[in-house]
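# Per-entry structural report
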Amino acid sequence: MKHLISARDLTKDSAVALLDSAQQLSQVNQRTVKSLPALRGKTVVNLFYENSTRTRISFEIAAKRLSADVINFDAQASSTSKGESLKDTAQTLEALGAAAIIIRHPMSGAAHALANRGWVSASIINAGDGRHEHPTQALLDALTIRQLKFSGSDLTGVKVLIVGDLEHSRVARSNILLLSLLGAAVSVAGPAELVPEGIAAMGATVYKSFDEALAEQPDVVMMLRVQLERMQENEAFTTRDYIKNWSLDQTRLTQLGKETVIMHPGPMNRGLEISNQAANDPRSAVLRQVENGLAVRMAVLHRVLSGELTN
Ligand code: CP
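Here's what I pulled together on the structure shown here.

### Notes on the pairing of strand E8 (residues 220–223)
Both faces of the sheet carry side chains from a regular strand, because those side chains alternate between them. Burial along E8 is two-sided: the residues Val220 and Met222 and Val221 and Met223 are all buried. Of the strand pairs in this sheet, strand E5 (residues 159–163) and E8 are connected by four bridges, and their pairing is parallel. Bridge pairing in E8 links Ile162 to Met222. Pairing of E8 with strand E9 (residues 261–263), which is carried by three bridges, proceeds in the parallel orientation. Within the sheet, the bridge partner assigned to Met222 lies in E9 and is Met263.

### As for helix H6 (residues 170–181)
Residues spaced three or four apart along an α-helix point in a common direction, a consequence of the helix completing one turn every 3.6 residues. Relative to the 16 Å expected for twelve residues at 1.5 Å per residue, H6 spans 17 Å between its end C-alpha atoms, a close match to the ideal helical length. Where H6 is concerned, the buried positions are Arg170, Val171, Ala172, Arg173, Ser174, Asn175, Ile176, Leu177, Leu178 and Leu179. In this structure Ser169 caps H6, since a side-chain oxygen of it lies 3.3 Å from the backbone nitrogen of Val171. Once H6 ends, the next one or two residues include Gly183, with phi positive near 100°.

### A closer look at the layout of surface pockets
The volume enclosed by the largest pocket comes to roughly 370 Å³. Residue lining of the largest pocket: 20 residues in total, with Arg104, Arg170, Arg225, Gly266 and Pro267 positioned closest to the centre. Secondary-structure elements contributing two or more residues to the lining of the largest pocket are helix H2 (54–65) and H6. Residues belonging to the lining of the largest pocket are distributed by class as follows: four nonpolar, nine polar and seven charged.

### Structural notes on the site of the ligand
Close to the ligand lie Ser52, Thr53, Arg54, Thr55, Arg104, His134, Gln137, Pro265 and Gly266. Between the ligand and Thr53, the relevant distance is 2.8 Å, taken from an oxygen atom to a main-chain nitrogen or oxygen of the residue. With respect to the ligand, the backbone of Pro265 contributes an N or O atom lying 2.9 Å from a nitrogen atom. Class assignment of the residues belonging to the shell around the ligand gives a composition of one nonpolar, six polar and two charged.

The rules behind these values
Residues numbered from 1 in each chain as written. Predicted model: local features only at pLDDT ≥ 70, side-chain atom pairs only at ≥ 80, totals over all residues. Heavy atoms only, no water. Buried < 20%, exposed > 50% of the residue type's maximum accessible area, 1.4 Å probe, protein only. Helix = DSSP H or I, 4+ residues; strand = E, 2+ residues; numbered from the N terminus. Pairing = 2+ DSSP bridges. Expected span 1.5 Å × (residues − 1). Polar contact = N/O pair within 3.5 Å; in protein donor to acceptor, adjacent residues only side chain to side chain. 1 Å grid on protein atoms, 1.4 Å probe; cavity = no way out; pocket = protein on both sides within 12 Å on 5 of 7 lines; lining within 4 Å. Points joined across faces, edges and corners; volume = space filled by probe spheres on them. Nonpolar A, V, L, I, M, F, W, Y, C, P; charged D, E, K, R; others polar. Near = heavy atom within 4 Å.

Below, the structure is given as structure tokens:
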């Protein structure tokens, strides 16, 4: 695998192998000496045109744990502000030795363009492109679900409900594709104006009501961030209605099973899509998701750069 642009790039076998590799690498992260020499001599660039805490930092730590050199590109402090294009920027980074470029970009398709237009020969990893995909988030979510709802090497039989702003969510799209590929039964629920056309065709059952979907007793409830920054001015959205119908609030929290896993990709809008009580509940896996992001990104970097893993 040279690039990771979409969850569609993975077969069931390759996804399971990545999860197995991440599980193994998570043990390295518990050691006193946490580094492996696998990517020594390789340079990895974090090319982020949008803000990020979890993804950028975990890719940076992941690359360092594998002994790669890491460069963090700050779009605002770069020549992008002078009008330099994505193509010229990527070619410049490759001329400086980048073997892998991890890209986050507001334009859906930016990572695909970088990987497939012949601009660079570096490996490209999609760290989130517009409202399209965020495949390493889906992998870390799959690893978290596998750890907490273990049903074998894949997710056969696990019921996952994804709730909220589906329209703007690259996390939802990658998760529907990957979790379905791994055998999970994926359902989604969200306000009609925030449910994109074609989401059922991706493999999800669509509910028009959060409460109706909760009555099906999902094993996992994944809340999505309301992406206010991506809403158009004319998009109908009122906070009060959203909280009433779509928030994982105190009442809905009491309807979850004792073993139901609460997930959120972060950053959370506490008090909007998720209450403080739900975010802090013992069933919340939010910080485990973050922790798993590190191991998954180590596995992905290793896979695309084909370094030799040694203990
Ligand atoms: N989940 C996620 O992508 O978080 P960041 O935007 O902080 O990277």
